[in-house]
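Coordinates in review
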Amino acid sequence: MTATLFSAQPADQGLYSRAHEHDACGVAFVATMRGSAGHDIVAHALDALRNLDHRGATGADPLVGDGAGILTQVPDAFLCEVVDFALPPAGRYAVGMAYLPREASARVEAIARIGDLAREEGLGVLGWRDVPATIDIVGTMARECMPWFAQVFVTSLEGEVSGIELDRLAFGLRKRAERELNVYFPSLSARTIVYKGMLTTGQLEPFFPDLSDARFASELALVHSRFSTNTFPSWPLAHPYRLIAHNGEINTVKGNRNWMHAREDQLESDVIGGDLRRLFPICTPGASDSASFDEVLELLHLGGRSLPHAVLMMIPEAWENHADMDPARRAFYEFHSTFMEPWDGPACVTFTDGTVVGAVLDRNGLRPGRYWVTDDGLVVLASESGVLDLPSERVVKRGRLQPGRMFLVDTAAGRIVSDEEVKGQLAAAEPYEEWLHAGMIRLADLPEREHIHHTPASVARRQRTFGYTEEELRIILAPMARTGGEALGSMGTDTPIAVLSEKPRLLFDYFTQQFAQVTNPPLDAIREELVTSLGTSIGPEGNLLDCGPAHVRQVVLDFPVVDNDELAKIVHINADGDLPGYSTVVVKGLYDASGGEEALRARLDEICGEVSAAIEEGARFVVLSDRDSDRDHAPIPSLLLTSAVHHHLIRAKRRNLVGLLVEAGDVREVHHVALLVGYGAAAVNPYLAMESVEDLVRSGAVTGVTQEQAVKNIIKALGKGVLKVM
């Protein structure tokens, strides 16, 4: 499936890129704890959806919506009566809502190929059903890219397979069909079904008459009204997806997708059958941030984790600075942080697997969510109040979602599961504390190495090499060395932007900070210290679909900026022979100065090869260093060097096997560190900036601090600045 299939999206052109697709929407779910399905739950959910109309958007044509949809349990009784073939017992068949080509011959071919793929995946097609749709109620743009709506019913060829086991087989079929054919499946599951499209909230029910049928029953329903921020509407990109509906924006999605691509080669599963490579890429190119989130969440869930477990891996609460958190829960989060980075951004994510249904907010709580529970077991959660008219005397409990806390309803057990219970059970499932204690190494615990002092002449020579100016030493570095904070200055600058400047500029200057697509309150890194952290761990990652003590053989860094002595600890991590599983390789980022551009290109290719070879020989850490430049060997700009290696390893699917550290002489500002971290560096050692402030103290240009304190201050200032950028 291509990103523009069944979509009003144009091809990438000018300043428009499909990679910037984001959503800002309204979400709600309705569930019952009475223990029986009913059409009333579907009707309530559709009412809630219509009351979220202001949360969605339309184009110039008010009949073309950005998207609306509903996810429910598979309505077995309804489906048994509307198909003209026999169905196995509920749970023993999977039903897929399929978007097929509207052209008849292409549709026939697609149906035939889906049957072939199903057999290859161990599934048999029971039959097809054309889904009734009132297509004349939508606008021209929506009709022009509208698919043909059909449902396919499949069952296992290998005996009585049901529930999530059948969903794992259907997962392979769906992924392959979408990769190899011009089709899209909003859902293909034995547990849930999705009706959605390029519709307004008021169009969803009349467009799909199935939803009005009294036989269409469910214990839960999740609805969504889409506002596609700065983007184009699409039938596939309407919510809900297979597991979630999402209000907000995932700001980290570009990095999340890159990391997932890099992890694919290490994925192995005992429960998802066959060669997993047939399912790649996990994240569909060109999909929205929410779609990518759903695809990774689905992989984690089908790979063996419960849905709440998978959600908390991707949206962990702020655990790093939470002093009162239960140690077992903290260990749960720390363990998973070693091989899954947060999908971060303002978000209210609702989720369901057909049995449990819940919601969680991002760690900052930047999206709203409110819930109500009535005396007859009805549970309603929405992105705002007023989605359903509930008599106040019937409401026995109400509240709001809180940052990092999970609200969960178990329809099978007929109860609300508390946040403490969910996380307590997950934290106790494995000996995470024991694994961390045995495997993680704190940088401070590594033995000290010799500190090397450089002469003023050496520092001055290298300052000239890296283009340092008197203004940078006096206005940028000196204040950081004195106070541990960035220098204050007026906003704005009258210097030409780098691309228009006639003067040589650092590569860093050609980049600017990227801001969120939707309106978010600014992060106060001082007053919101509880939910912010600069800590990380470096080293190879384990298989994302597995869990064990080998996942945490890493080194913990409290800060993304390390001094020369700390870098020396990592470079010589096994110098004493007591850490045989750890190995560091230093790769020189220098090129033949006389060779010009061609020499630079050739050297970058050589460096990528050197790093790949080092990984194959067992290196866990690679230091990219521009030290030891001279008249014949020029330093490669650290940003170019880092990004070249980072993306090379992503393409080679080896990025998660090694931690990248950068020893850079051209780094002296917060912006420089932020860029290097953004382009793949786990830690940055701005060695020349540190040696420069030592020299400033030595010469008397900076007073009131020792050389050691000046270096600590510059690390603190750069770290605080990176936190502010985050």
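Computed from a predicted model, the values in this text were never measured in an experiment. (Residues numbered from 1 in each chain as written. Predicted model: local features only at pLDDT ≥ 70, side-chain atom pairs only at ≥ 80, totals over all residues. Heavy atoms only, no water.)

**Remarks on the overall build of the chain**
Note the threshold: Helix and strand assignments follow DSSP, with helices taken as H or I runs no shorter than four residues and strands as E runs no shorter than two, numbered in order from the N terminus. Only C-alpha atoms enter the radius of gyration; for comparison, a globular chain is expected to reach 2.2 Å times N to the power 0.38, where N is the number of residues. For the exposure calls, accessible area comes from a 1.4 Å probe over protein chains only, and a residue counts as buried if that area is under 20% of its type's maximum, exposed if over 50%, partly exposed in between.
For the chain, the count of helices and strands is 20 helices and 27 strands. Over its C-alpha atoms the chain spans a radius of gyration of 28 Å, differing by no more than 12% from the 27 Å that the globule rule assigns to 726 residues. In terms of overall dimensions, the chain has C-alpha extents of about 85 × 60 × 55 Å along its principal axes. For the chain, buried positions account for 58% of its 726 residues.

**As for the sheet that holds strand β18 (residues 415-417)**
Rules: A pair of strands counts as paired when DSSP detects no fewer than two bridges linking them. Interaxial angle, 0 to 180 degrees, is taken between N-to-C directions of lines fitted to C-alpha atoms, where a helix line uses only the stretch in contact.
Sheet architecture is open: five strands sit in the order β11-β12-β13-β17-β18, paired in antiparallel fashion. What marks the edges here is a single partner per strand, and that holds for β11 (244-248) and β18. Going across the sheet, the axis of each strand differs from the next one's by a mean of 15°, ignoring polarity. In this structure, strand β17 (residues 406-410) lies alongside β18, joined through three bridges in antiparallel fashion. Bridge pairing in β18 links V409 to I416.

**Structural notes on the environment of T642**
The condition is simple: Residue contacts follow a heavy-atom distance rule, with two residues in contact if any of their heavy atoms lie within 4.5 Å. In protein, a polar contact means a hydrogen-donor-capable atom and an acceptor-capable atom, both N or O and within 3.5 Å, with residues adjacent in sequence counting only if both atoms are side-chain atoms; elsewhere, any N or O pair within 3.5 Å suffices.
Mapping T642 onto the fold places it in helix α17 (residues 638-651). Overall, the relative accessible area of 0% leaves T642 in the buried class. When the C-alpha positions of T642 and A487 are compared, they lie 27 Å apart, and in sequence the two are 155 residues distant. Excluding anything up to four places from it in sequence, T642 contacts L624, V662, L676, Y679, G680 and A681. Here S638 takes part through its backbone oxygen, which lies 2.7 Å from a polar atom of the side chain of T642.

**Here's the deal with empty space enclosed by the protein**
Here is the rule we go by: Cavities and pockets were defined on a 1 Å grid built from protein atoms only: a cavity is a group of points that admits a 1.4 Å probe but offers it no way out, a pocket is an open group of points flanked by protein on both sides within 12 Å along at least five of seven lines, and a lining residue is one with an atom within 4 Å of any such point. Grid points are joined across faces, edges and corners, and a volume is the space filled by probe spheres set on the points.
Tallied over the entire structure, the rule returns three cavities of 30 Å³ or more. Computed from the structure, the largest cavity encloses a volume of approximately 140 Å³. In this structure, the largest cavity is lined by 14 residues; those nearest its centre are D167, L188, S189, R242 and E298. For the lining of the largest cavity, the elements supplying multiple residues, two or more each, are α5 (163-180), β7 (184-189) and α8 (289-302).

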